[in-house]
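The primary structure of each chain is shown beneath.
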Amino acid sequence: MTESTQRMQFTDSGFAWIVTAMSFFVLYAVNSNFISLGPLLPDLLSHFQVSQAMLGMLASVRIVICDAASGTLVGPLERKLGCRPLVMVGLALSAAGYVAAAFVDNYYIFLLMFSVIPGLGLAGAYIPSNVIVHQYHSKGRALASGLSSVGLSFSTFTFPVLMRLTIRSFGWRASLVMLAAIQVQMVAAAMIFMPNPDLKVKPTQTPIYTSDNIDNSLCADKNGGETPSQPELNKTPAKKCNLDCSIFKNPAFLLFLFAFPFADCGGAVYVTFALQRAVYQGINPLSASLVLSVFGLCSVVGRASSGFIANLKCTRRAFQAAGCVFAAGVVTASSMFAGSSLLLHSIFAGCFGFMNGAQHSLYSTLLVDIIGLDELARGMGIVQMVKCAMAAVCLPIAGYLFDVTQNYAASFLAAGSAMVGGSILYACSGLANHRRKRSMPPMLE
């Protein structure tokens with residue numbers, strides 16, 4: 001058996017697609033955490049008797065904890081421990097927090113159990129579930145990433161109705177226990193996240209060292225599965241220090257670092273307040289949960305189709321993402337005209353879900369294009385850190401705008417404007433990355 005054949009034994013194999021399927025299930029459980037506040041919001045308002053800005057903090061604190069832990073802990077731990085133990089512990093910790101929250105009556109203790117503890121758990125589950133898919137795929141990386149991320153949208157399609165039915169039959173506390181049960185069941189799916197043995201095989205040629213951390217698998221694809229020999233100028237590899245800041249020398253990454261948080265905050269506002277906005281405008285709570293289901297269904301279609309399109313060689317992924325984010329921002333701002341019509345709420349939610357899902361499925365693939373596979377976990381962690389600053393303010397501000405105006409128009413208009421700004425940054429990031437690749441020697445592209 002040749003070395004190149006040995007290296008590709010697991011990569012792009014049937015087992016790689018099994019890993020992709022398990023990532024789908026884990027991401028289903030992860031997103032069930034993030035969207036759980038929407039279906040719970042009417043009951044929590046009645047039970048705790050606090051403002052919507054205070055309830056918005058439940059989602060913001062959870063996102064901040066998740067993103068902060070992702071940026072500081074998950075990257076180094078993923079390199080040391082691998083993806084499987086992080087995901088398993090994260091899901092178990094999240095389940096423990098929700099079970100405890102089901103027995104709490106004080107708002108601040110509920111904040112700890114519902115937001116802080118699950119936030120730490122989500123940090124261990126989200127990034128490794130994305131990284132493991134890229135580790136097992138090379139040729140169909142964008143398609144596999146898009147299909148695994150469908151789990152995020154499929155949970156939005158099915159979970160709000162499931163949770164509202166549970167609340168109506170057994171109460172909001174039982175719905176939290178049901179949510180914890182989903183987390184525990186997905187621990188079994190995470191057990192399949194074994195490290196890819198192909199990545200442990202050392203090539204005979206001297207590897208290439210570049211300041212931009214070029215993914216060597218891209219070079220291997222263009223040279224018949226063999227890594228090209230090292231150029232004369234790079235015979236001596238640069239020593240890595242504990243505080244490696246070379247990733248920040250990449251202008252495309254710096255632009256992406258702010259593009260994704262702006263784009264994501266609009267989606268967070270829409271998912272958190274879309275159901276409650278429909279209820280506030282006179283729609284039955286159970287019927288209003290269909291709004292998020294339509295959002296999730298269209299997001300499934302958007303993610304799958306976006307992954308297929310992004311996998312084409314002629315596709316400029318950054319501009320594809322920029323167009324989707326811009327369209328999602330316009331839809332978000334326009335959705336304030338839905339009024340009391342369930343049909344209009346569903347149409348706006350469907351259009352937004354399709355565009356938002358399409359851009360979100362490209363998140364990790366765009367990072368691989370910019371910084372390479374080896375730096376994916378650290379890059380995602382840094383992006384999550386910046387996103388946590390946006391998450392810390394966007395949902396409370398959206399709730400505050402409602403408290404002041406007694407209308408959701410200002411909240412959704414601000415969210416749409418943020419997404420339009422994010423689309424501009426996405427396009428600039430794509431231009432910067434294209435220029436960087438053009439300036440590289442042909443063998444390193």
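Predicted model, so just to flag it, every value in this text is computed and none were measured.

Peer 1: What's the story with the packing of aromatic side chains in this structure? I'm lost.
Peer 2: Counted under the stated rule, the structure contains 26 aromatic pairs. On the basis of an interplanar angle of 70° and a centroid distance of 5.6 Å, the ring pair of phenylalanine 256 and tyrosine 426 is categorised as edge-to-face. Placement of the pair is phenylalanine 256 in helix 10 (residues 251-280) and tyrosine 426 in helix 16 (residues 409-439), with a sequence separation of 170 residues. Taken as a pair, phenylalanine 256 and tyrosine 426 share a single burial class, namely buried. With a centroid separation of 5.7 Å and an interplanar angle of 20°, the aromatic rings of phenylalanine 295 and phenylalanine 352 are classed as stacked. Of this pair, phenylalanine 295 sits in helix 11 (residues 285-310) while phenylalanine 352 sits in helix 13 (residues 342-360), and the two are 57 residues apart along the sequence. The class for phenylalanine 352 is buried, based on a relative accessible area of 0%. Three or more aromatic residues joined by ring pairs make a cluster, and in this case those are Tyr270, Phe273, Tyr280, Phe295, Phe352, Phe402, Tyr408 and Phe412. One cation-aromatic arrangement involves arginine 277 over tyrosine 270; the distance from NZ or CZ to the ring centre is 5.8 Å. Sitting over the face of the ring of phenylalanine 412, arginine 277 holds its NZ or CZ atom 3.8 Å from the ring centroid.

Peer 1: What is the right way to read the environment of isoleucine 65 from this model?
Peer 2: By the secondary structure assignment, isoleucine 65 is in helix 4 (residues 52-81). By relative accessible area, which is 25% here, isoleucine 65 ends up partly exposed. Sequence-wise, isoleucine 65 and isoleucine 117 are 52 residues apart; in three dimensions their C-alpha atoms are separated by 8.6 Å.

Peer 1: Hey, could you run me through the environment of alanine 59 in this one?
Peer 2: Among the secondary structure elements, alanine 59 is positioned in helix 4. On the basis of relative accessible area, alanine 59 is assigned to the buried category, the value being 3%. The spacing of alanine 59 and leucine 395 is 336 residues in sequence and 7.4 Å in space, taken between C-alpha atoms.

Peer 1: Before we go on, may I ask you to explain unusual backbone geometry in this structure?
Peer 2: Note: most residues except glycine have negative phi, and most peptide bonds are trans. Phi at aspartate 12 takes a positive value of approximately 60°, unusual for a residue other than glycine. Secondary-structure assignment places aspartate 12 in the loop between helix 1 (3-7) and helix 2 (14-35). Phi is positive for glutamine 406, which is not a glycine, with a value near 55°. Considering the arrangement of structural elements, one finds glutamine 406 in the loop between helix 15 (376-405) and helix 16. On the basis of relative accessibility, which here comes to 42%, the residue glutamine 406 falls in the partly exposed class.

Rules used in this analysis
- Residues numbered from 1 in each chain as written.
- Predicted model: local features only at pLDDT ≥ 70, side-chain atom pairs only at ≥ 80, totals over all residues.
- Heavy atoms only, no water.
- Phe/Tyr/Trp six-rings, centres within 6.5 Å; stacked < 30°, edge-to-face > 60°.
- Helix = DSSP H or I, 4+ residues; strand = E, 2+ residues; numbered from the N terminus.
- Buried < 20%, exposed > 50% of the residue type's maximum accessible area, 1.4 Å probe, protein only.
- Lys NZ or Arg CZ within 6 Å of the ring centre and 35° of its normal.

Everything listed here is a matter of geometry and, on its own, says nothing about what the molecule does.
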